[in-house]
Amino acid sequence: ATPSSSFPATSQSPLQSTVPWAFSPQAFLGTEARERITHTFMVPTQYIVTLEHPALDRADLSSLEVMLSAGSPLRVDTKRQIIARMGRGIHELYG
């Protein structure tokens, strides 16, 4: 099961937070498509395995507005792939 919680982000729209017990790129891509996720916060390894997953090129990530990475620095080539294949840009929170 995936724990989740809802709490008010603004007076007009609730914020849904989904935190999986374990990460899999297939589960992430499926949840993204089903829930229309707008923000994601992952460590570099999670981005790398998602980039390597064959379903990524068929995934609809159009609702994804913000991607955050933390835990260790992203390699430049990984950043380029994330931007090219997953979305509008990535914010790195490290250092």
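Residues numbered from 1 in each chain as written. Predicted model: local features only at pLDDT ≥ 70, side-chain atom pairs only at ≥ 80, totals over all residues. Heavy atoms only, no water.

**Q** What should I look at first to understand the sheet that holds strand β5 (residues 91–93) in this one?
**A** Taken in spatial order, the three strands of this open sheet run β3-β4-β5, and their pairing is parallel. Two strands bound the open sheet, and with one partner strand each, they are β3 (39–42) and β5. Strand-to-strand twist of the sheet, defined as the mean angle between neighbouring strand axes without regard to direction, takes the value 20°. Relative to strand β4 (residues 66–70), β3 is paired through four bridges, and the arrangement is parallel. Bridge assignment links M42 to a residue of β4, and that residue is S69. Helix-sheet contacts for helix α2 (residues 44–52) involve β3 and β4, and the interaxial angle to β4 is about 125°. (Pairing = 2+ DSSP bridges. Helix = DSSP H or I, 4+ residues; strand = E, 2+ residues; numbered from the N terminus. Axes fitted to C-alpha atoms, helices over the stretch in contact; angles between N-to-C directions. Contact = heavy atoms within 4.5 Å.)

**Q** When you look at the pairing of β3 in this model, what are you seeing that I'm missing?
**A** A regular strand places its side chains so that they alternate between the two faces of the sheet. Alternating residues of β3 divide into T40 and M42, all buried, and H39 and F41, none buried. For the segment spanning β3, α2 and β4, crossover handedness is right-handed. (Buried < 20%, exposed > 50% of the residue type's maximum accessible area, 1.4 Å probe, protein only. Right-handed = clockwise from strand over helix to strand, strands pointing away.)

**Q** Which parts of the structure should I look at to understand helix α3 (residues 76–86)?
**A** Side chains three or four residues apart in an α-helix point the same way, a direct result of the helix having 3.6 residues per turn. Buried residues of α3: T78, I82 and M86, and no others. For α3, the buried positions fall inside an angular range of 40° around the axis, keeping them on one side. Opposite its buried face, α3 presents the exposed residues R80 and A84, each directed more than 90 degrees away. Elements that come into contact with the buried residues of α3 comprise α1 (25–35), β3, α2 and β4. (Arc of directions from axis to C-beta.)

Coordinates in, geometry out; function isn't part of it.
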